[in-house]
Every structure is written in structure tokens, then in C-alpha cells.
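Each chain, written out:
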Amino acid sequence: MQDSRDDQEHRQGDGSDSVHGTMIRSPRAWALEQNDRRIVFASGTEATMFAESRPFRVAQHRLPAWKVVLPIGGHVELRQLGRPLVAAPGLIVPPQLAHTCAATSPYIALFVDSWLLPSYPEPIGLDAGEVRRLLAALGTIDSDGPDAGVDLTAGYTELRTLAGCPSPLDPRVAHAVDLCTLRDPDVPITSVAIEVGLSAPRLRALVRQDVGITLTRLRRWGRLRTAIADLPDSTAAVAAATAGFADQAHLARTARDFIGRTPASLRRAEA
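All of these numbers come straight from a predicted model, not from anything done at the bench. (Residues numbered from 1 in each chain as written. Predicted model: local features only at pLDDT ≥ 70, side-chain atom pairs only at ≥ 80, totals over all residues. Heavy atoms only, no water.)

A. Just the overall build of the chain, in detail. Of the regular secondary structure elements, the chain holds eight helices and 13 strands. When the 271 residues of the chain are sorted by exposure, 54% land in the buried category. Of the contacts made within the chain by residues no fewer than 6 positions apart, 71% connect residues no fewer than 24 positions apart. Approximately 11800 Å² of the chain is accessible, and the part contributed by carbon and sulfur atoms is 51%. (Helix = DSSP H or I, 4+ residues; strand = E, 2+ residues; numbered from the N terminus. Buried < 20%, exposed > 50% of the residue type's maximum accessible area, 1.4 Å probe, protein only. Contact = heavy atoms within 4.5 Å. Areas by Shrake-Rupley, 256 points an atom, 1.4 Å probe, with all protein chains shown as cover.)

B. Expanded view of the packing of helix 6 (residues 215-230) against helix 8 (residues 248-259). Two elements in contact, helix 6 and helix 8, have axes whose closest approach is 10 Å; the angle formed by their N-to-C orientations is 105°. Considering the angle they form, helix 6 stands roughly perpendicular to helix 8. Across the interface between the two elements, R217, R220, W221, L224, A227 and I228 of helix 6 pack against H250, L251, T254, A255, D257, F258 and I259 of helix 8. For the contact of helix 6 with helix 8, a count of residues per class yields eight nonpolar, two polar and three charged. (Axes fitted to C-alpha atoms, helices over the stretch in contact; angles between N-to-C directions. Parallel < 35°, antiparallel > 145°, perpendicular 65-115°, else oblique. Nonpolar A, V, L, I, M, F, W, Y, C, P; charged D, E, K, R; others polar.)

C. Representation of the side chain of S234 in the model. Relative to the elements of secondary structure, S234 occurs in the loop between helix 6 and helix 7 (236-243). A polar side-chain atom of S234 sits 2.9 Å from the main-chain carbonyl oxygen of D230. Not counting residues within four places of it along the chain, the set of residues in contact with S234 comprises A239 and R267. (Polar contact = N/O pair within 3.5 Å; in protein donor to acceptor, adjacent residues only side chain to side chain.)

D. Layout of unusual backbone geometry. Positive phi is not limited to glycine here, since Q96 has a value of about 70°. Here Q96 lies in the loop between strand 10 (90-93) and strand 11 (99-103). The exposure class assigned to Q96 is partly exposed, which follows from its relative accessible area of 24%.

E. Molecular detail of the sheet that holds strand 6 (residues 56-61). With respect to topology, four strands assemble into an open sheet ordered 6-11-8-9, the strand pairing being antiparallel. Among the strands making up the open sheet, the edge pair consists of strand 6 and strand 9 (86-88). In this sheet, neighbouring strand axes are inclined to one another by 10° on average, regardless of whether the strands run parallel or antiparallel. As paired elements, strand 8 (residues 76-79) and strand 11 share four bridges and run antiparallel to each other. For L78, the partnering residue across the bridge sits in strand 11 and is C101. (Pairing = 2+ DSSP bridges.)

F. Summary view of the packing of helix 1 (residues 128-138) against helix 2 (residues 152-163). Between helix 1 and helix 2, whose axes approach to 7 Å, the crossing angle comes to 155°. By the angle between their axes, helix 1 is roughly antiparallel relative to helix 2. Contacts from E130, R133, L134, A137 and L138 of helix 1 reach helix 2 at L152, A154, G155, E158, L159, T161 and L162. Residue classes in the contact of helix 1 with helix 2 are distributed as seven nonpolar, two polar and three charged.

G. Up close: the pairing of strand 8. Alignment of strand 8 against strand 9, held across three bridges, turns out to be antiparallel. Within strand 9, the residue paired with E77 across the bridge is A87. Once strand 8 ends, the chain turns through six residues before running back antiparallel as strand 9, passing G82 with a positive phi of about 75°.

H. Highlighting helix 3 (residues 171-183). Looking at helix 3, one finds that the buried residues are V173, A176, V177, L179, C180 and T181. Each buried residue of helix 3 sits inside an arc of 170° when the element is viewed along its axis, so together they form one side. Looking at the packing, one finds that the buried side of helix 3 touches strand 12 (107-113), helix 4 (189-195), helix 5 (200-211) and helix 6. The residue sitting at the N-terminus of helix 3 and contributing the capping side-chain oxygen is D170; that oxygen lies 2.8 Å from the backbone nitrogen of R172. (Arc of directions from axis to C-beta.)

I. Fine view of the packing of aromatic side chains. One pass over the structure, following the stated rule, counts four aromatic pairs. Both rings, one in W221 and one in F258, keep their centres 6.5 Å apart while their planes meet at 65°; by these two values the pair is edge-to-face. Placement of the pair is W221 in helix 6 and F258 in helix 8, with a sequence separation of 37 residues. Of the two residues, W221 and F258, both sit in the buried class. A network of ring pairs unites the aromatic residues W30, F41 and F50 as a single cluster. Geometry around F56 places R261 over its ring, the cationic atom sitting 3.8 Å from the centre. (Phe/Tyr/Trp six-rings, centres within 6.5 Å; stacked < 30°, edge-to-face > 60°. Lys NZ or Arg CZ within 6 Å of the ring centre and 35° of its normal.)

The following block contains the structure:
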């Protein structure tokens, strides 16, 4: 589906707020307490994090980013169609891998853009010691997981010691993916191409060659992160519109495709 707001300016609020029990520490971080459930979201330049204080299972999905699942006291289970179950204290899941996933305890999920770690085709198991090192780097000190002040930079640095350092991107590709996924997912691709001295088709081809994922899919991932950041402080329809989705249904389809769950499940308890 064609994105609906390629020619409109992207806007995002700033500062802190507190609405309906949700404390917003920054435009890109929030924590929500609801009944027996605590959920935390944070997003930065190196990683995005979602954490829950109870076990959860997600449907089949295909995320255009690395996913690092860090159970706190339990383990993670990953299933691929026609493949044996993979279970481990923690897992690093490569981009674009179609799978279902479950954590048997409270957990943290880190999402890291595909070009920020070296390419690897299969899930990478983490032992209990490696999981503890990553949790400590993030600043997790209790069994329920982190707060909105999690240290994503330190977590990413520790992750690179385990997974390795990626090869550098073509500077034109690096500028394009940074702009389209982090700084302004609504900027027209033709404008980005002009900035880096390429035609739009050539830029799209270079991004797919160097990153392994289409620029359109990367832009949707950037918009989904923006929408999730806005969810506790707005309706799903408003979050979808603010992030540049065509409508609430477009946001819901993208969430199910990329992370295997609905936007509603990210902010409230489900049966």
C-alpha cells in the first residue's frame, strides 16, 4: 500500500506529560502500569525497546529489524514453519525472519535496525550469562524489567560485543535510511535522492542491495515506532494519522506484519 503522507511535514510533540496513569518521560519513551501488568516503551538512535512484566506470545510476523528477546527469569521460544522449536535463555532474531515468538516470563525485546549488526541468517542463542550482561547494560535491576530511563546506548554497545560490528554502509544509503526511519519518515523519497545525488530508483536499489530490505518497508517500520510512541497519549486512530499511516487499519496491519500483535495489545491487557 502506498504511504499516505509522503508530501506532508512530520510532526512530533516534545516534553513530558502524564495522562490516565501513563508517565511520558520524553516523546520517545513511556511507562504504563495497569492492573497486574507493567509495560515500558523507549526508542533511540541505536535501538527501540518494548518490555512487559508478564509472559507474552506473539503471532507470526516478519520484522525488518533485528529483535533481541531477553526474558527475565524464564526463556524464549521461537517457531518457524517446518522447523524445530528453538528455545533459549535469550535470542537474537535476524531481520525478515517469519516466525512466532513467546517469552515464558517478564521480558525485554530490543529492536535494532538491520544495518547496525552484521548479517546472519539464523537466530542466535544467548546463554543466561549473556542475557544478564545485556540486562545489566540496559539498567534493569528488578524482576519486572526496566523503567522509561533505560540505557539503550549501553545495551546496544554490549550487544555489539556479542554479535559483532557491522560493515559500514555507503554514506548515501546511511543518510537515506537514517532520514527515512528515524528523523522524518514522511520525507519524500525523491527529496532524499536529490540530497544524496541519486535518482529515486537508484537510491531504492542501493538501499535494497546494502540493507537487504526495501526503503518502503523501512519507512513503514519508522512510522510504526512513531505510532507506538504516541499510543498511550492518544487513540490508535490519532497515533496512526500522526505517524503517517493511511488510517487506523493500515497501522493495525503493519503492527501485525512487523511485530505479530495489535496496537491495542501494546497498551492494555488482553484476555
